[in-house]
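Structural overview for review
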Amino acid sequence: MSFSSSRPSLHSSSRDPTHLRGGRSHHHQEKDLKNIDEQVQGFLDFVNASPSAFHAVQSAKERLLAQGFVQIKETEEWKLKAGEKYFFTRNHSSIFAFVVGGKYEAGNGINISAAHTDSPNLKSCCATMRTCPKAFG
């Protein structure tokens, strides 16, 4: 029996072994994995520091400030500048962050991306469909 594949043969005549790794060198693959590990650890650190919505907002606020965002007040007039990054909080339980595009001009409209959390509040449940069918829908 024979199988065909569009993947390069292991016995390719090419002297460059990067074709076996999707064109990425071993060095780049290690760098990519390290970056993924750092991102996963950053997410875990955020979750561990955020047992409630209040903690999640504080953690996000600290991260935004570290990335150069400027805190503004929702209730005051905003003097926004193109290319700048801003955020505000509400009741210490909600946070709104945004970046003003470098080519933004008043009246041109905006694009919004949003997410919601009651805090990461990750909990495991021991209920099963048999013991608690209402929990599953």
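Before going into details, it helps to say that this report is about the structure given with it. The shown structure was predicted, so the numbers you read here are calculated from the model rather than taken from an experiment. (Residues numbered from 1 in each chain as written. Predicted model: local features only at pLDDT ≥ 70, side-chain atom pairs only at ≥ 80, totals over all residues. Heavy atoms only, no water.)

For the structure on display, the rule yields 2 salt bridges. Residue R90 is joined to E74 by a salt bridge in which the shortest nitrogen-to-oxygen separation is 2.3 Å. Note that R90 is positioned in strand β2 (residues 85-90) and E74 in the loop between β1 (70-71) and β2, a separation of 16 residues in sequence. Overall, R90 belongs to the partly exposed group, its relative accessible area being 37%. The exposure class of E74 is partly exposed, given its relative accessible area of 31%. Between E77 and K79 there is a salt bridge, with its nearest N and O atoms 3.8 Å apart. By relative accessible area, which is 69% here, E77 ends up exposed. (Salt bridge = Lys/Arg side-chain N within 4 Å of Asp/Glu carboxyl O. Helix = DSSP H or I, 4+ residues; strand = E, 2+ residues; numbered from the N terminus. Buried < 20%, exposed > 50% of the residue type's maximum accessible area, 1.4 Å probe, protein only.)

Another aspect to go through is helix α2 (residues 53-66). For α2, with 14 residues, the first-to-last C-alpha span of 20 Å sits near the 20 Å given by 1.5 Å per residue. Inspection of α2 places A53, A56, V57, S59, A60 and L64 among the buried residues, and these make up the whole buried set. One side of α2 holds all its buried residues, which, seen down the axis, span an arc of 165 degrees. Residues of α2 that are buried make contact with α1 (26-48), β2 and β3 (94-99). Phi turns positive, to about 90 degrees, at G68, one or two residues after α2. (Expected span 1.5 Å × (residues − 1). Arc of directions from axis to C-beta. Contact = heavy atoms within 4.5 Å.)

Turning our attention to the sheet that holds β3. The pairing of strands in a sheet happens through backbone hydrogen bonds and is either parallel or antiparallel. Pairing is mixed in the open sheet, where 3 strands are placed in the order β1-β2-β3. With partners counted over all chains shown, the strands left at the sheet margins are β1 and β3, one partner each. Where β1 and β2 come together, 2 bridges link them in parallel fashion. Along β2, the bridge assignment pairs V70 with Y86. Sitting on the sheet, α2 touches β1, β2 and β3, and the angle it makes with β3 is about 25 degrees. (Pairing = 2+ DSSP bridges. Axes fitted to C-alpha atoms, helices over the stretch in contact; angles between N-to-C directions.)

The next point concerns the pairing of β2. One ladder, built from 6 bridges, connects β2 with β3; its direction is antiparallel. From the neighbouring strand, Y86 faces β3, where its bridge partner is F98. Linking β2 to β3, which pair antiparallel, is a turn of 3 residues; within it N91 sits at a positive phi near 55 degrees.

This is a description of form; function is not addressed.
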